[in-house]
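Residue-level listing of the chains:
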Amino acid sequence: MDRLGKLCGIDEAGRGPIAGDLVIAGCILTSCVDGLQDSKKLSEKKRESLYESITQNSLYHIVKFSAKEIDDNGLSFCMKNALLEIMNTLKCGEYLFDGNSNFGINELPTMIKADGKVPEVSAASILAKVTHDRNIIKDAQRYPEYQFEKHKGYGTALHIELIKEHGYCDIHRRSYKLKALEKTLFD
């Protein structure tokens, strides 16, 4: 692999959930890591194993924003600041962000499904997903009534029912409006 150390892959986890942190990771591989692919296609056990290999064979930087920071500043603002922080922290010849939006950073190329095609982006995907999931599991211990370990903060039917029952907690994104909750919580 003759491009090792020449590309910084960037991906995020936690953009869609209604609770928990938004996590953005940048990764420059310094050695090959076998088994890399889109984090969503890997088992939790495999992601955890790859996380350790990635951290030992790369330069990486992880940025997190809390639900409150997302509510106060907006998702796009948080994404843009995270991307700029990664690019300023991990100096590299090339950057590639998974998806189709560069959040106004013209010099940041994007590629849809890069997390399944480009090893550096796959590695960033795994770093972001494992960090997000570890954080939401800790939150599940603080707020057991929401069962975050089951839905990882996404707006599943179970999660929405638990919000209807208990209301929001500190890690919920109040700026994310859900039709299923509007009549219950906002009347």
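Along each chain, residues carry numbers from 1 onward, in the same order as the chain's sequence is written. In keeping with the model being predicted, local features are shown solely for residues with a pLDDT of at least 70 and side-chain atom pairs are shown and tallied solely at 80 or more, while totals for entire chains, interfaces and linings include all residues. The side-chain numbers reported here are obtained from all heavy atoms of the structure, hydrogens and water having been left aside.

The next subject is the overall build of the protein chain. In this text, helices come from DSSP runs of H or I with a minimum length of four residues, and strands from runs of E with a minimum of two, each type numbered from the N-terminal end. Summing up its helical and strand segments, the protein chain has seven helices and five strands in all. When the helices and strands of the protein chain are listed from N to C terminus, the series reads β-β-α-β-α-α-β-β-α-α-α-α. Radius of gyration (C-alpha) of the protein chain: 17 Å, near the 16 Å computed for a compact globule of 187 residues. Of the contacts made within the protein chain by residues no fewer than 6 positions apart, 63% connect residues no fewer than 24 positions apart. Note on areas: Shrake-Rupley with a 1.4 Å probe; residue coverage comes only from the protein chains shown. As presented, the protein chain carries roughly 9300 Å² of accessible surface, and 48% of it is formed by carbon and sulfur atoms. Charge centroids of the protein chain, computed over 26 positive and 27 negative side chains, lie 2 Å from each other. Just to be clear, the radius of gyration here is over C-alpha atoms, and the globule rule we use is 2.2 Å times residues to the power 0.38. Note on definitions: a residue-residue contact is assigned when non-hydrogen atoms from the two residues lie within 4.5 Å. The charged-residue count follows a simple rule in which Lys and Arg add positive charge and Asp and Glu add negative charge, with His and chain termini not counted at all. Taken as the charge location is NZ of Lys, CZ of Arg, CG of Asp or CD of Glu.

This part takes up the layout of surface pockets. By rolling a water-sized probe across the atoms, one finds the places where empty space is left. Estimated volume of the largest pocket: approximately 250 Å³. In this analysis a 1.4 Å probe is tested at points of a 1 Å grid over the protein atoms alone, and where it fits but cannot get out there is a cavity; an open set with protein on both sides within 12 Å along at least five of seven lines is a pocket; lining residues have an atom within 4 Å of a point. Lining the largest pocket are 15 residues, with D11, E12, K40, D98 and D115 sitting closest to its centre. Where the lining of the largest pocket is concerned, the elements lending two or more residues are β1 (7-13) and α4 (119-142). By residue class, the composition of the lining of the largest pocket is two nonpolar, five polar and eight charged. Grid points are joined across faces, edges and corners, and a volume is the space filled by probe spheres set on the points. Each residue is assigned to one class: nonpolar for Ala, Val, Leu, Ile, Met, Phe, Trp, Tyr, Cys and Pro, charged for Asp, Glu, Lys and Arg, and polar for all the others, Gly among them.

Here we come to the sheet that holds strand β5 (residues 110-111). When DSSP finds two or more bridges between two strands, those strands count as paired. Within the open sheet, the five strands sit side by side as β3-β2-β1-β4-β5. Their pairing is mixed. Edge positions in the open sheet fall to β3 (58-65) and β5, since each of these has one partner strand only. The pairing of strand β4 (residues 94-98) with β5 spans two bridges and is parallel. In the sheet register, F97 faces β5, and the bridge partner there is T110. Axis definition: a line fitted to C-alpha atoms, over the contacting stretch in the case of helices. Angles run 0 to 180 degrees between N-to-C directions. Where α4 meets the sheet, its contacts fall on β1, β2 (22-29), β3 and β4, and the angle it forms with β2 comes to roughly 145°.

A few words on the pattern of salt bridges. Only one rule defines a salt bridge in this text: a Lys or Arg side-chain nitrogen within 4 Å of an Asp or Glu carboxyl oxygen. Across all of its chains, the model carries ten salt bridges by this definition. The partner of E12 in a salt bridge is R15, and the shortest N-O contact between them spans 3.4 Å. Three or more residues are tied together by salt bridges with common partners; here these are D38, K40 and D115.

We now examine the packing of helix α1 (residues 44-56) against α4. Put simply, α1 and α4 touch, their axes get as near as 9 Å, and they point 120° apart. Here α1 is positioned oblique relative to α4, judged by the angle of their axes. The interaxial crossing formed by α1 with α4 has left-handed handedness. Within the contact between the two elements, α1 uses R47, E48, L50, Y51, E52, I54 and T55 and α4 uses A123, I126, L127, K129, V130, T131, D133 and R134. Considered class by class, the residues forming the contact of α1 with α4 number seven nonpolar, two polar and six charged. In these notes the angle categories are as follows: under 35 degrees is roughly parallel, over 145 is roughly antiparallel, 65 to 115 is roughly perpendicular, and the rest is oblique. Two helices crossing with the near one rotated counterclockwise from the far one by less than a right angle form a left-handed crossing, whereas a clockwise rotation gives a right-handed crossing.

Helical geometry: 3.6 residues make up each α-helical turn, so side chains three or four residues apart lie on a common side. Over its 13 residues, α1 extends 19 Å from the first C-alpha to the last, a length consistent with the 18 Å expected when each residue adds 1.5 Å. Listed as buried for α1 are R47, L50, Y51, I54 and T55. The buried residues of α1 occupy an angular sector of 130° when projected down its axis, which confines them to one face. Exposed and oriented more than 90 degrees from the buried face of α1 are K45 and Q56. Looking at the buried residues of α1, the elements they touch are β2, β3 and α4. Under the convention used throughout, the expected extent of a helix is 1.5 Å for every residue step, that is, one less than its residue count. Three exposure classes are used, based on accessible area relative to the maximum for each residue type with a 1.4 Å probe and protein chains only: buried under 20%, partly exposed in between, and exposed over 50%. Starting at the helix axis, one direction is taken to each C-beta atom, and the arc is that of these directions.

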